[in-house]
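These are the residues of each chain, in order.
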Amino acid sequence: MEQLRTLARDALAKGLHDSALFFAQRLTAHQHATTDDLFLLVQALLFAKQYRRALHHLLHHPARAPLEPRFVLLTARCHAHARDWDSCLAALDDAALERARLIEDSYAAAATVYSASGPSSVANSLPDHISLHSAMYLLRGTVYEELENWRLAAAAYCDALRAEPCNYDALCRLADGHMLSAPEWRVFVDEIKPSLERPGYGWLKDFFSCRIGESDVELASVRGSLADLATPSSSTHSNLASA
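Throughout what follows, the structure given in this document is the object of discussion. Quick caveat: nothing in here was measured; it's all calculated off a predicted structure.

The rules behind the values
Residues numbered from 1 in each chain as written. Predicted model: local features only at pLDDT ≥ 70, side-chain atom pairs only at ≥ 80, totals over all residues. Heavy atoms only, no water. Helix = DSSP H or I, 4+ residues; strand = E, 2+ residues; numbered from the N terminus. Axes fitted to C-alpha atoms, helices over the stretch in contact; angles between N-to-C directions. Parallel < 35°, antiparallel > 145°, perpendicular 65-115°, else oblique. Left-handed = near helix turned anticlockwise from the far one by under 90°. Contact = heavy atoms within 4.5 Å. Nonpolar A, V, L, I, M, F, W, Y, C, P; charged D, E, K, R; others polar.

**Focus on unusual backbone geometry**
Then step 1. Despite not being glycine, Lys49 shows a phi value in the positive range, around 65°.
Then step 2. Take Lys49: it is sitting in the loop between helix H3 (35–47) and helix H4 (51–60).
Then step 3. Phi angles above zero are rare outside glycine, and Arg83 is one such case at about 60°.

Given below as structure tokens:
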């Protein structure tokens, strides 16, 4: 079975989706298939755009773990790809997000206690992954954007950054979509400043400032253009006067 796992992971990493699906199906058909094996199969189905089959396995396979945050996110992604927005939001409800936060907090606490390099190096360094909690908020915001609910989308992206400031996707959605005004940006950055001021995060804080600055410049440019359009030119005034 381990050889099948290796082949499936390798095929998935190389974009050989049919091969990954073939090996993952053989793997999960075994009576000793694990939740990791099921996760690998659903990932392969997701990349193969077989969303309904992926959901079927997530709901009915003996190895399923429906409350595990990574499976919650994967289920929500399948619903989103199938454009079933209501089911996606139902999967990402407040209870699921809170459960993901608690689980990740417990992992972080355990890592701090048991890290061989000492608690300070764990707490004060960049993470080696983007939290599932943050990714779930990002997907929730994406769905609200599809539904054109900009207020809830912005709130979800802010929550994604509160959970994990390294979530660049959430930052870009907020900045590129001009979802926050300049004053709102500054209030938000002040709110998450403690996270951005940890050792190793200095460059990220500068990047946030740059993105806010870019948004301010773009907004000022747009306002200037609108002001120019609203102000009649001198030639227009002279034409009107001669008329």
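**Observations regarding the environment of Arg52**
Then step 1. Locating Arg52 in the fold gives a position in helix H4.
Then step 2. Considering only alpha carbons, one finds Arg52 and Cys78, 26 residues apart in sequence, at a separation of 7.6 Å.

**Some points on the packing of helix H10 (residues 150–163) against helix H12 (residues 182–196)**
Then step 1. Where H10 contacts H12, the axes come no closer than 10 Å and their chain directions differ by 25°. Compared by their axis directions, H10 and H12 come out roughly parallel. In this structure, the crossing between H10 and H12 has a hand that is right-handed. Here H10 contributes Cys158, Leu161 and Arg162 to the contact with H12, which in turn contributes Phe188, Glu191 and Ile192.
Then step 2. Of the residues in the contact of H10 with H12, the class split is four nonpolar, no polar and two charged.

**Thoughts on the packing of helix H9 (residues 132–146) against H10**
Two quantities define a packed helix pair, namely the angle between the helix axes and the distance between the axes.
Then step 1. In the contact formed by H9 and H10, the axes pass within 8 Å of each other and the chain directions differ by 165°. One element, H9, and the other, H10, form an angle in the roughly antiparallel class. At the point where H9 passes H10, the crossing takes the left-handed sense. Across the interface between the two elements, His133, Ser134, Tyr137, Leu138, Arg140, Gly141, Thr142, Tyr144 and Glu145 of H9 pack against Trp150, Leu152, Ala153, Ala156, Tyr157, Asp159, Ala160 and Ala163 of H10.
Then step 2. In terms of residue class, the contact of H9 with H10 is built from 10 nonpolar, four polar and three charged.

**Looking at the side chain of Arg140**
Then step 1. Summarising the element assignment, Arg140 is placed in helix H9.
Then step 2. Excluding residues within four positions of it along the chain, Arg140 makes contact with Leu89, Leu92, Asp93, Asp94, Leu97 and Ala156.

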